[in-house]
Amino acid sequence: MGHFPLWLQAAFWGFVAGAALLIGAGFGYFFHVSQRAIAAIMAFGSGVLISALSFELMDEAYRTGGFDATAIGFLGGALVYTAANWFLDQQGAKHRKRSGEQQSTEQDNEGSGMAIAVGALLDGIPESIVIGLSLLKGGAVSFVAVIAIFLSNIPEGLSSAAGMKKAGRGPGYIFGVWGGIAVVSGIAALIGYSVFRDFSANVVAATTAIAAGAILAMLVDTMIPEAFEVAHTFAGLLTVAGFLAAFMLSKLGG
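These figures come from a predicted structure and were not determined experimentally.

Participant: Break down the packing of helix 1 (residues 6–30) against helix 4 (residues 143–166) for me, with residues and values.
Facilitator: Remark: helix 1 packs on helix 4, axes separated minimally by 6 Å, with the N-to-C direction vectors making an angle of 30°. On the basis of the axis angle, helix 1 is roughly parallel to helix 4. The crossing of helix 1 and helix 4 is right-handed. Together, Trp 13, Val 16, Ala 17, Gly 18, Ala 20, Leu 21, Ile 23, Gly 24, Ala 25, Phe 27, Gly 28 and Tyr 29 of helix 1 and Phe 143, Val 146, Ile 149, Phe 150, Asn 153, Ile 154, Glu 156, Gly 157, Leu 158, Ala 161, Ala 162 and Lys 165 of helix 4 make up the contact between the two elements. Of the residues in the contact of helix 1 with helix 4, the class split is 17 nonpolar, five polar and two charged.

Participant: Talk me through helix 4; I want residue IDs and the actual numbers.
Facilitator: The terminal C-alpha atoms of helix 4, which comprises 24 residues, lie 35 Å apart, in line with the 34 Å expected from a rise of 1.5 Å per residue. A large share of helix 4 lies buried, amounting to 17 of its 24 residues. Of the residues trailing helix 4, Gly 168 is marked for its positive phi of about 85°.

Participant: I'd love a proper account of the packing of aromatic side chains, names of residues and values included.
Facilitator: Aromatic ring pairs are described here by two measures, namely the spacing of the ring centres and the angle between the planes. Throughout the structure, instances matching the rule amount to nine aromatic pairs. Ring centres 5.6 Å apart and planes at 75° place the aromatic pair Tyr 29 and Phe 175 in the edge-to-face group. With Tyr 29 in helix 1 and Phe 175 in helix 5 (residues 171–196), the pair connects residues that are 146 residues apart, well separated along the chain. Both rings, one in Phe 196 and one in Phe 199, keep their centres 5.5 Å apart while their planes meet at 45°; by these two values the pair is tilted. Chaining the aromatic ring pairs together yields one cluster made of Phe 12, Trp 13 and Phe 143. Lying across the ring of Tyr 29, Lys 165 places its NZ or CZ 4.6 Å from the centre. Lying over the aromatic face of Tyr 173, Arg 169 brings its terminal NZ or CZ to 5.3 Å of the ring centre.

Participant: Give a detailed account of the nonpolar core, specifying residues and quantitative values.
Facilitator: Core analysis: the biggest nonpolar cluster contains 34 residues, and Ile 131 and Ile 215 have the highest contact counts within it. Of all elements in the fold, only helix 1, helix 2 (35–93), helix 3 (112–134), helix 4, helix 5 and helix 6 (201–230) reach the threshold of two or more residues within this core. The residues touching Ile 215, leaving out its near neighbours within four places in the chain, are Leu 49, Leu 53, Leu 57, Pro 126, Glu 127 and Val 130. Counting residues in hydrophobic clusters, the runner-up holds eleven residues, among them Leu 21, Ala 25, Tyr 29 and Ala 120.

Participant: Go over a nonpolar patch on the surface with me, naming the residues and quoting the values.
Facilitator: Taken together, the side chains of Phe 15, Val 183, Ile 187, Ile 191, Val 195 and Phe 199 define a hydrophobic patch exposed on the protein surface, amounting to about 510 Å² of accessible area. Sorting elements by how many residues they give to the nonpolar patch places helix 5 first, with four residues. Mapped onto the secondary structure, Val 195 falls in helix 5.

Participant: Can you tell me about the pattern of salt bridges, naming the residues and giving the values?
Facilitator: Here the structure, examined in full by the defined rule, presents two salt bridges. For Asp 59, the salt bridge goes to Arg 63, with nearest N and O atoms at 3.8 Å. Here Asp 59 pairs with Arg 63, and both are found in helix 2, just four residues apart, close to one helical turn. A salt bridge links Arg 63 to Glu 60; the shortest N-O distance between them is 2.8 Å. Separated by three residues within a single helix, Arg 63 and Glu 60 lie in helix 2, roughly one turn from each other. When its relative accessible area of 57% is taken as the criterion, Arg 63 is described as exposed. Judged by relative accessible area, Glu 60 falls into the buried class, the value being 18%. Among the charged side chains, a salt-bridge network with shared partners connects Asp 59, Glu 60 and Arg 63.

Conventions we followed
Residues numbered from 1 in each chain as written. Predicted model: local features only at pLDDT ≥ 70, side-chain atom pairs only at ≥ 80, totals over all residues. Heavy atoms only, no water. Axes fitted to C-alpha atoms, helices over the stretch in contact; angles between N-to-C directions. Helix = DSSP H or I, 4+ residues; strand = E, 2+ residues; numbered from the N terminus. Parallel < 35°, antiparallel > 145°, perpendicular 65-115°, else oblique. Left-handed = near helix turned anticlockwise from the far one by under 90°. Contact = heavy atoms within 4.5 Å. Nonpolar A, V, L, I, M, F, W, Y, C, P; charged D, E, K, R; others polar. Expected span 1.5 Å × (residues − 1). Buried < 20%, exposed > 50% of the residue type's maximum accessible area, 1.4 Å probe, protein only. Phe/Tyr/Trp six-rings, centres within 6.5 Å; stacked < 30°, edge-to-face > 60°. Lys NZ or Arg CZ within 6 Å of the ring centre and 35° of its normal. Core = buried A, V, L, I, M, F, W, Y, C linked by side-chain atoms within 4.5 Å. Patch = residues over 30% accessible without salt bridge, like charges linked within 9 Å, V, L, I, M, F, W, Y side chains within 5 Å. Areas by Shrake-Rupley, 256 points an atom, 1.4 Å probe, with all protein chains shown as cover. Salt bridge = Lys/Arg side-chain N within 4 Å of Asp/Glu carboxyl O.

Keep in mind that these numbers describe shape and distance, not what the molecule does.
Rendered as structure tokens:
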């Protein structure tokens, strides 16, 4: 894709990574995937993302902007995500990644459908911005970041869509949410590249760290509980396997 303008590459790779949510949602809606299998994939996906944010995002932020920009951004991202997530939890989005019966139905909690959709968007935006930011470093997208986000998005979409179906939400809502988020992922990656290309290295580093902090907070708040509740015996091992896979990818890619 070298001959395409960089802003278009950013949008394309953001959309590709976001489209994994739609693929996962398709599996979650049309096939009966056991909760144990969903939890296992979720644990693996969590390990992949933890590795990517450690070796791709935090490392890059530290190299670019030093310790202060990285630390402030990392904590700031986690704070902003946690505050927004807490607010959405109150509106009925608390169990949006759960594949069982935990998700709120519209009858139980009016407006929870919108809250779940906004929550899913909140989870996806930091990851997509990272893809755009990665193009600022040498004009080539970080394929490790794209692959890691793609791999972790499949179980997110799968688990959440299975839970949405059990909560009585129809295919229009489920695929509308994930299709919309795939498109927004492309736009967020485009913004990550276009807005930040003229900013200083410190600002780019802080923004990368903000995304890393938000992703780690999202993992612990929404993905890991699903993984550990059902696959608790093997969840740690699967998370380690995911971490190792992404670690090897980042070293081979580097």
